[in-house]
Amino acid sequence: MEILPPSLASSCLRVGAGSLKEQSSYYSAKVSRGQGFILLYHSVMAGKLTLIMGPSGVGKSVILQQLRERHPEIHFPRSATTRARRSGEGDDLYHFLSNAAFDELIAQKKLLEWAIVHGGARYGTMIDEIIPFIEDGKTVIREVDVQGFDSIRSHALFSGNAPHYLLQSVFILPENKEQLIAHITNRAPIAADELKHRIASMERELTYAELADVKIRNVEGKLEETLSEVERNLYA
């Protein structure tokens, strides 16, 4: 009987003789016969990390929420953060850590990237929330800003001529700049200086679209078309 390589051990199905289960078109199957059963070896479509990015107000949160609801097979990693837990907040989105524990993650190189945001709290992307799921053949989706994108694409796990793991980047583009400005100003009153700062950040972020593997324009009122395009590229 053929021996299954250790790297494929987790993708072996054992089923009763004559009851071979139908497999997804994402699998390529190889069958060998043993005593009283069939071993089906299938190499699952390789897992990957997909980074979703785009300027503030472009609709990333809505797109990610829809993907969560429609695709339970996709893994959405939790962030590590030093900010205080809010009243009634669970553990579904964050690992709440002390500053000392966060420092330990940095020292042990267990973060793909991290940054100081809102009021001095730190947020980071934990390797243990990403790599085990990629190795299990899953697509992992992570929203990042352009700094996080720079950090992750240059990380040793995802860079070089022969990276350890597959990385895909998707940039969500606005219909136009006026659309973004309207979204920002409609959220809440904003001072002129702050709006000027936001517009400058938006224009800098938009330059990163050319560095992404995929660019998708989110047209106002056409969310379904945007989602279909994101899904098509996720499973291409």
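Our subject is the structure listed above.
The following refers to the structure shown. This structure is a prediction, so every number in the text was calculated from the model and none was measured.

## Regarding the overall build of the protein
Inference 1: Within the protein, the secondary structure is distributed over seven helices and eleven strands.
Inference 2: Residues classed as buried in the protein amount to 40% of the 236 residues present.
Inference 3: Partitioning the intrachain contacts of the protein with sequence separation of at least 6 by distance along the chain shows that 62% fall at a separation of at least 24.
Inference 4: By element, 51% of the accessible surface of the protein is carried by carbon and sulfur atoms, the whole surface being about 13,600 Å².

## So, the pairing of strand 9 (residues 139-143)
Inference 1: Most of strand 9 sits out of view: four of its five residues are buried.
Inference 2: By the bridge criterion, five bridges tie strand 4 (residues 48-53) to strand 9 in an arrangement that is parallel. The partner of Leu-51 across the bridge, within strand 9, is Arg-142.

## Some thoughts on the sheet that holds strand 11 (residues 214-218)
Across a sheet, paired strands are connected by hydrogen bonds in the backbone, their directions being either parallel or antiparallel.
Inference 1: In spatial order, the strands read 9-4-10-11; together these four strands make up an open sheet with parallel pairing. The sheet terminates laterally at strand 9 and strand 11, the two strands that pair on one side only. Averaged over all pairs of adjacent strands, the angle between strand axes in this sheet comes to 25 degrees, irrespective of strand direction.
Inference 2: Relative to strand 10 (residues 166-174), strand 4 runs parallel, the two being bridged by six bridges. The partner of Leu-51 across the bridge, within strand 10, is Ser-169.
Inference 3: Seen against the sheet, helix 7 (residues 223-234) touches strand 4, strand 9, strand 10 and strand 11 and runs at an angle of roughly 165 degrees to strand 11.

## Overview of the nonpolar core
Inference 1: Judged by nonpolar contacts, the single largest core of 40 residues is most densely connected at Leu-49 and Phe-158.
Inference 2: Membership of the second largest hydrophobic core comes to five residues, among which are Phe-102, Leu-105, Leu-111 and Met-126.

## Some remarks on the pattern of salt bridges
Inference 1: By the definition in use, this model includes ten salt bridges.
Inference 2: Salt-bridge contacts for Asp-91 lead to Arg-85; the nearest nitrogen and oxygen are separated by 2.8 Å.
Inference 3: For Asp-103, the salt bridge identified is with Arg-122, shortest N-O distance 2.8 Å. With Asp-103 in helix 2 (residues 99-107) and Arg-122 in strand 8 (residues 121-126), this residue pair connects regions lying 19 residues apart in the sequence.
Inference 4: Overall, Asp-103 belongs to the partly exposed group, its relative accessible area being 40%.

## What about unusual backbone geometry?
Inference 1: Positive phi outside glycine occurs at Lys-109, with the angle close to 55 degrees.
Inference 2: Structurally, the position occupied by Lys-109 is in the loop between helix 2 and strand 7 (111-117).
Inference 3: Exposure remark for Lys-109: the relative accessible area of 67% places this residue in the exposed category.

## Topic: helix 5 (residues 177-187)
Inference 1: Looking at helix 5, one finds that the buried residues are Gln-179, Leu-180 and Ile-184. What you see down the axis of helix 5 is that its buried residues fit within an arc of 135 degrees, all on one side. Facing away from the buried side of helix 5, by more than 90 degrees, are the exposed residues Glu-178 and Asn-186.
Inference 2: The inward-facing, buried residues of helix 5 abut strand 10, helix 6 (192-206) and strand 11.
Inference 3: Structurally, the start of helix 5 carries an N-cap: the backbone nitrogen of Glu-178 is 3.2 Å from a side-chain oxygen of Asn-176.

## Structural notes on the layout of surface pockets
Inference 1: Looking at the largest pocket, its volume works out to about 1,600 Å³.
Inference 2: Forming the boundary of the largest pocket are 44 residues, of which Lys-60, His-118, Glu-143, Val-144 and Asp-145 lie nearest the centre.
Inference 3: Broken down by secondary-structure element, the contributors of at least two residues to the lining of the largest pocket are helix 1 (60-70), strand 7, strand 9, helix 4 (146-153), helix 5 and helix 6.
Inference 4: Sort the elements by how many residues they give to the lining of the largest pocket and helix 6 lands first, with seven residues.
Inference 5: Across the lining of the largest pocket, the residue classes break down as 18 nonpolar, 13 polar and 13 charged.

Conventions used here
Sequence order as written defines the numbering, with residues in each chain counted from 1. Local features are withheld for residues below a pLDDT of 70 in this predicted model, meaning they are given only at 70 or higher, and side-chain atom pairs are given and counted only at 80 or more; totals for whole chains, interfaces and linings count all residues. Think of the side-chain values as coming from all heavy atoms in the structure, minus any hydrogens and water. The secondary structure listing takes helices from DSSP runs of H or I that are at least 4 residues long and strands from runs of E that are at least 2 residues long, numbered from the N terminus. Only protein chains enter the accessibility calculation, which uses a 1.4 Å probe. A residue is then buried if its area is under 20% of the maximum for its type, exposed if over 50%, and partly exposed in between. Two residues form a contact once any of their heavy atoms are found within 4.5 Å. Here the Shrake-Rupley method, with its probe set to 1.4 Å, supplies the accessible areas, and only the displayed protein chains count as covering residues. The rule for pairing is simple: two strands pair if DSSP sees at least two bridges between them. Between N-to-C directions, angles cover 0 to 180 degrees, with each direction set by a line fitted to C-alpha atoms, over the stretch in contact for helices. By convention a nonpolar core is built from buried Ala, Val, Leu, Ile, Met, Phe, Trp, Tyr and Cys residues, the set being connected through side-chain atoms within 4.5 Å. Within this document, salt bridges are pairs made up of a side-chain nitrogen of Lys or Arg and a carboxyl oxygen of Asp or Glu, the two lying within 4 Å of each other. This arc describes the spread of directions from the helix axis toward the C-beta atoms. The term polar contact refers here to a pair of N or O atoms within 3.5 Å; inside protein, the definition further demands a hydrogen-donor-capable atom paired with an acceptor-capable atom, and it admits residues adjacent in sequence only when both atoms are side-chain atoms. Grid points spaced at 1 Å over the protein atoms alone were grouped into cavities, where a 1.4 Å probe fits but cannot get out, and pockets, open sets with protein on both sides within 12 Å along at least five of seven lines, with lining residues defined by an atom within 4 Å of a point. Grid points are joined across faces, edges and corners, and a volume is the space filled by probe spheres set on the points. Amino acids outside the nonpolar list (Ala, Val, Leu, Ile, Met, Phe, Trp, Tyr, Cys, Pro) and the charged list (Asp, Glu, Lys, Arg) are all regarded as polar, and Gly is one of them.

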